[in-house]
Amino acid sequence: MILACGLALGASSCVKAQYERHIVLEPVQTDELQHLVPGESDLAQCLARLGAPNFVWERSGDSIAIAYGAYRHQGWQVGASVNVTRGVNASFDYGELEALSRGYVLLFDERWKLESVSEGLLRDLSTKFERTPPQSVE
Amino acid sequence: MRTFALAALLLLPLAQGCFLTRDTTNQPLQEERIVQLGPGLSSAEVLELLGGPMEVVQLGRRSAWRYDHQRTKRTGLTLFVVTALNTDTQEDRLWLFFNEYDRLAAFGSTLQASSSEWVLPWVDSHE
């Protein structure tokens, strides 16, 4: 009786327990960061070490910031649902990447020389300087 | 009791399943074109080589262009009421930085989209 009820609930997707893991991008190699020297390294050297950033932001006075981030999370979700695929969104979203990622923000001066490297949540780090929104290309 | 056992057997095939999906955004970046990039190229020459960028960020009198390609692979397995789901998103990225004379000053590329994997969530991936 219990088995039949369990199977019936499972077959109709009334209840679910879901173990999810999301991997979004790869973090930068931290050992590469040790080769970067504020006041000496320029933008080209940083890009050669770390690859393409995830974000490029304009700061005041012709200075810029670039950011590298990635995230992964995993865990259980238990609840009731009529559709086991609801809420699963595999599309890539730069807003979500900035909100959820830990990583590094590199600040450059107006000559594009490295000023500083900060580590943490990108959404926190990106609020510490003034930036302008990106322009879309049609 | 026999009726319940029969019902359980009939429902069993309905209570499990698996799927693999793949989503892609934009075309993969071509390494053979990226290696042709070098400092001093004009923005027109870059356009001819790579086509239009996905994003342009104005940096005062200078600018930065982004090219990208994402690949997401999802793996799902359902047994009765338990579902295991893994989503792996990886990306090719290229950022180009132009000076105030519209000449390429610096660029960086990361090509990782092809490393996206179909694996179950308890399997080590990208460790």
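Residues numbered from 1 in each chain as written. Chains lettered and ligands numbered in written order. Predicted model: local features only at pLDDT ≥ 70, side-chain atom pairs only at ≥ 80, totals over all residues. Heavy atoms only, no water.

A. Quick peek at the layout of surface pockets. Residue and element names in this part refer to chain A. Roughly 390 Å³ of volume is contained in the largest pocket. Contributing to the lining of the largest pocket are 23 residues, with E26, P27, V28, Q29 and L50 lying nearest its centre. Considering only residue class, the lining of the largest pocket consists of eight nonpolar, nine polar and six charged. (1 Å grid on protein atoms, 1.4 Å probe; cavity = no way out; pocket = protein on both sides within 12 Å on 5 of 7 lines; lining within 4 Å. Points joined across faces, edges and corners; volume = space filled by probe spheres on them. Nonpolar A, V, L, I, M, F, W, Y, C, P; charged D, E, K, R; others polar.)

B. Main features of the confidence of the model for chain B. All names here are of chain B. When the pLDDT values of chain B are averaged, the result is 92; 94% of them are 70 or greater. Confidence, read as mean pLDDT per element, is least for helix α1 (residues 2-11) in chain B (72) and greatest for strand β5 (residues 104-111) (98). Scoring of the predicted complex yields 0.83 for pTM and 0.85 for ipTM. (pLDDT = per-residue confidence, 0-100. Helix = DSSP H or I, 4+ residues; strand = E, 2+ residues; numbered from the N terminus.)

C. Highlighting helix α3 (residues 43-50) of chain A. All names here are of chain A. Along α3, the residues that are buried comprise L43, C46, L47 and L50. Here the buried residues of α3 occupy an arc of 100° about the axis, which is enough to place them on one side. N-cap assignment for α3: the residue whose side-chain oxygen lies 3.3 Å from the backbone N of A44 is D42. (Buried < 20%, exposed > 50% of the residue type's maximum accessible area, 1.4 Å probe, protein only. Arc of directions from axis to C-beta. Polar contact = N/O pair within 3.5 Å; in protein donor to acceptor, adjacent residues only side chain to side chain.)

D. Examining the pattern of salt bridges more closely. Tallying each qualifying case throughout the model produces eight salt bridges over all chains. One salt bridge connects B:E91 with B:R93, and the closest N-O pair in it is separated by 2.8 Å. Here the two residues B:E91 and B:R93 agree in accessibility, since each one is buried. Taken together, the shared-partner salt bridges in this structure form one network comprising A:D62, B:R61 and B:E100. (Salt bridge = Lys/Arg side-chain N within 4 Å of Asp/Glu carboxyl O.)

E. Up close: unusual backbone geometry. Unusually for a residue other than glycine, A:W112 sits at a positive phi of about 65°. Note on placement: A:W112 falls in the loop between β4 (102-108) and β5 (114-121). Of note in this structure, B:D102 is not a glycine but carries a positive phi near 65°. Within the secondary structure layout, B:D102 lies in the loop between β4 (82-98) and β5.

F. The pairing of strand β3 (residues 64-80) of chain A, seen in detail. Residues and elements named next belong to chain A. Relative to β3, strand β1 (residues 15-24) runs antiparallel, the two sharing 10 bridges. If you follow Y19 over to β3, its bridge partner there is W76. Pairing of strand β2 (residues 55-58) with β3, which is carried by four bridges, proceeds in the antiparallel orientation. If you follow V56 over to β3, its bridge partner there is I66. Between β2 and β3, which pair antiparallel one after the other, the connecting turn spans five residues, and G61 there sits at a positive phi close to 70°. By the bridge criterion, seven bridges tie β3 to β4 in an arrangement that is antiparallel. Each bridged residue has a counterpart across the sheet, and for A65 the counterpart in β4 is L107. (Pairing = 2+ DSSP bridges.)

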